[in-house]
Amino acid sequence: MNDASTMEYELLSPSLVEHPAGTTGMDAEQKTVFAFVIFLLVFLVMLMVRCFRILLDPYSRMPASS
């Protein structure tokens, strides 16, 4: 490789981009995805708790027979 192509690669390489000192390394898209995954995990836990409650006492939600 010649020096020009090596220099272009180094300039365009995303791994070599330096972040400002105050950032945590997460951009807005990563924060959005992280929040969405946390929301899905909370929703999954709520569904699991509901299913286990139904499995443990399936007749509690049924109306009393007359």
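About the criteria used
Residues numbered from 1 in each chain as written. Predicted model: local features only at pLDDT ≥ 70, side-chain atom pairs only at ≥ 80, totals over all residues. Heavy atoms only, no water. Helix = DSSP H or I, 4+ residues; strand = E, 2+ residues; numbered from the N terminus. Buried < 20%, exposed > 50% of the residue type's maximum accessible area, 1.4 Å probe, protein only. UniProt positions renumbered as here; feature names shortened; annotations may be inferred. Polar contact = N/O pair within 3.5 Å; in protein donor to acceptor, adjacent residues only side chain to side chain. Patch = residues over 30% accessible without salt bridge, like charges linked within 9 Å, V, L, I, M, F, W, Y side chains within 5 Å. Areas by Shrake-Rupley, 256 points an atom, 1.4 Å probe, with all protein chains shown as cover. Salt bridge = Lys/Arg side-chain N within 4 Å of Asp/Glu carboxyl O.

Engineer: Quick question: what am I supposed to make of the overall build of the chain here?
Structural biologist: The helix and strand tally for the chain stands at two helices and zero strands. Taken over 66 residues, the chain has a buried fraction of 2%.

Engineer: What exactly am I supposed to notice about the UniProt feature "transmembrane region" (unreviewed entry) in the chain here?
Structural biologist: Cross-referencing UniProt, the feature "transmembrane region" (unreviewed entry) maps to residues 33-56 in the present numbering. Helix makes up 100% of residues 33-56 and strand 0%, whereas the separation of the span's terminal C-alpha atoms amounts to 35 Å.

Engineer: I keep staring at the environment of Asp27 and nothing clicks. Help me out?
Structural biologist: When you line up the elements, Asp27 lands in the loop between α1 (3-12) and α2 (28-56). Within polar-contact distance, the side chain of Asp27 engages the backbone nitrogen of Gln30 at 3.1 Å.

Engineer: Teacher, can you tell me more about a nonpolar patch on the surface here?
Structural biologist: Side chains of Met26, Val33, Phe34, Val37, Ile38, Leu41, Val42, Leu44, Met46, Met48, Phe52 and Leu55 sit close together on the surface and give an oily, nonpolar patch of about 1,200 Å² of accessible area. Relative to the elements of secondary structure, Val42 occurs in helix α2. Residue classification places Val42 among the partly exposed residues on the basis of a relative accessible area of 44%.

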